[in-house]
Amino acid sequence: MGRVGIVTGGARGIGAAITSLLAEDGASVVVMGLPPDRERTEALRASLNGAAKRVHFREGNVAHYDVCKGIADEVRAQYGQIDFLVNNAGITADHTIRNMTVEEWQAVLAVNLSGPFFMTKAVLEHMVERNYGRIVNISSVVGHTGNFGQANYASAKAGVMGLTKTVALEVASRGITVNAVAPGFINTDMVAAMPKAAVEAAIQKSPERRLGQPEEVARVVRFLLDESSGYITGAVYDVNGGLYM
Ligand code: NAI
């Protein structure tokens, strides 16, 4: 059997590009997502031709540890192995800190930071037992820079970098690599939901004067998940068109 792994939020945007590349490479990909992601996964499968049979959907919210553990155990039981995990699911709830509610803070931290911790914890013992694993966490350029109106999101994404480096250290001797990818502004529904002026400002600030494409992020994730990338761990790969250097 080929490689098997989980991509959270793998049904749309950056996650869908990751799922597609991995499935086309021959990996079996379990897309973990919220209820609307079931239909999106079907649409993604329909675009994949031969690789469609290697893409499966499991409904689950990464903000709950028991759900994460349940899905990881199920995947392991069904396929016998989990070779990779991509912590990609993420949300925004933007407001300046003066207007940000405690609920908005907690919701973004729960999905964007606790989610990667829960999923990592849910797969890690299995990877340690096998002496092999590849984990990639999707952070963000704003984890480096901060961003107006995104105290919750930027804190979570900076936290993801700390989580990445710490887990990388702890399991480096067990054949497991843990890396982060920090995209700039990428052309997905998440960015489409931003105010037009904010998107235009981000484009103007970017040396390449454009948004990135989901596939440009996915290609880096694919590289980091490769078996031959075993000497890369604890790294943060920027994919931002020069927005932050
Ligand atoms: P998106 O909003 O298009 O897709 C996110 C996916 O995650 C959706 O399928 C959604 O249903 C799923 N999801 C959300 N909450 C979930 C939960 N609690 N449990 C399980 N699944 C959940 O987002 P996009 O733009 O593709 O972003 C993907 C990742 O990349 C996110 O972590 C985001 O923060 C990060 N990112 C995105 C950038 C961008 O410009 N689009 C820039 C930098 C980072």
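Structure's up top.
Bear in mind the structure is a predicted one, so any value in this text is a computation, not a measurement. (Residues numbered from 1 in each chain as written. Predicted model: local features only at pLDDT ≥ 70, side-chain atom pairs only at ≥ 80, totals over all residues. Heavy atoms only, no water.)

Novice: I would appreciate a short explanation of the overall build of the protein chain in the present structure.
Specialist: When you go through the protein chain residue by residue, the secondary structure sums to nine helices and seven strands. Relative to its length of 245 residues, the protein chain is compact, with a C-alpha radius of gyration of 17 Å against a globular reference of 18 Å. When the backbone C-alpha atoms are referred to their principal axes, the protein chain occupies close to 50 × 40 × 35 Å. A sequence separation of at least 24 residues applies to 76% of the contacts in the protein chain between residues at least 6 apart. Carbon and sulfur atoms make up 53% of the accessible area of the protein chain, which totals about 11300 Å². (Helix = DSSP H or I, 4+ residues; strand = E, 2+ residues; numbered from the N terminus. Rg over C-alpha atoms; globule rule 2.2 N^0.38 Å. Contact = heavy atoms within 4.5 Å. Areas by Shrake-Rupley, 256 points an atom, 1.4 Å probe, with all protein chains shown as cover.)

Novice: Even after reading the chapter, I still don't get the packing of aromatic side chains, so can you show me in this structure?
Specialist: Any aromatic ring pair is given by two values, namely how distant the centres are and how the planes are angled relative to each other. In the structure shown here, the tally under the stated rule is three aromatic pairs. Aromatic pair Phe117 and Phe118: ring centres 5.8 Å apart, planes at 50°, arrangement tilted. For Phe117, a relative accessible area of 40% translates into the label partly exposed. Three or more aromatic residues link up through ring pairs in this structure, and these residues are Tyr65, Phe117 and Phe118. (Phe/Tyr/Trp six-rings, centres within 6.5 Å; stacked < 30°, edge-to-face > 60°. Buried < 20%, exposed > 50% of the residue type's maximum accessible area, 1.4 Å probe, protein only.)

Novice: For this particular structure, what's the right way to read the site of the ligand?
Specialist: Around the ligand, a shell composed of 28 residues is seen, among which Asp37, Asn88, Tyr153, Ile186 and Thr188 lie nearest. One of the side-chain nitrogen or oxygen atoms of Lys157 is found 2.9 Å away from an oxygen atom of the ligand. Contact with the protein chains removes 95% of the 830 Å² of surface that the ligand exposes when unbound. Going through the elements one at a time, α1 (13–24), α2 (36–46), α6 (151–171) and α7 (189–192) are the ones with two or more residues in the shell around the ligand. Among the residues making up the shell around the ligand, the classes are represented as 13 nonpolar, eleven polar and four charged. (Near = heavy atom within 4 Å. Polar contact = N/O pair within 3.5 Å; in protein donor to acceptor, adjacent residues only side chain to side chain. Nonpolar A, V, L, I, M, F, W, Y, C, P; charged D, E, K, R; others polar.)

Novice: Any chance you could explain α6 here in plain terms?
Specialist: For an α-helix, 3.6 residues make a turn, and residues three or four places apart therefore share a direction. Here α6 contains 21 residues, and its C-alpha end-to-end distance of 30 Å stays within 8% of the 30 Å for a straight helix at 1.5 Å per residue. Here α6 has its buried residues at Asn152, Tyr153, Ala154, Ala156, Lys157, Val160, Met161, Leu163, Thr164, Val167, Ala168 and Val171. Lining the buried residues of α6 we find α4 (102–130), β5 (133–138), α5 (141–145), β6 (176–183), α7 and β7 (236–239). (Expected span 1.5 Å × (residues − 1).)

Novice: I tried to follow the nonpolar core on my own but got confused; where do I start?
Specialist: For soluble globular proteins, the rule of thumb is that nonpolar side chains tend to be buried together. Grouped together as the largest cluster of nonpolar side chains are 33 residues, with contacts concentrated most on Ile18, Leu22, Phe84, Val86, Val181 and Val221. Val181 has contacts with Val136, Asn137, Ile138, Ser139, Ser140, Val217, Val220, Val221, Leu224, Tyr237 and Val239, leaving out every residue within four places of it along the chain. (Core = buried A, V, L, I, M, F, W, Y, C linked by side-chain atoms within 4.5 Å.)

Novice: Would you mind showing me how to read unusual backbone geometry here?
Specialist: What you tend to see is this: most non-glycine residues have negative phi, and most peptide bonds are trans. At Asn49, a residue that is not glycine, the phi angle is positive and equals roughly 50°. Within the secondary structure, Asn49 is located in the loop between α2 and β3 (55–59). When its relative accessible area of 67% is taken as the criterion, Asn49 is described as exposed. At Asn131, a position not held by glycine, the phi torsion is positive, near 55°. Mapped onto the fold, Asn131 is located in the loop between α4 and β5.

Novice: Teacher, can you tell me more about the environment of Gly80 here?
Specialist: Structurally, Gly80 can be placed in the loop between α3 (65–79) and β4 (84–87). The exposure class assigned to Gly80 is exposed, which follows from its relative accessible area of 51%. Here the alpha-carbon distance between Gly80 and Pro207, two residues 127 residues apart in the chain, equals 46 Å. When sequence neighbours within four positions are dropped, the list of residues in contact with Gly80 reads Val75 and His126.

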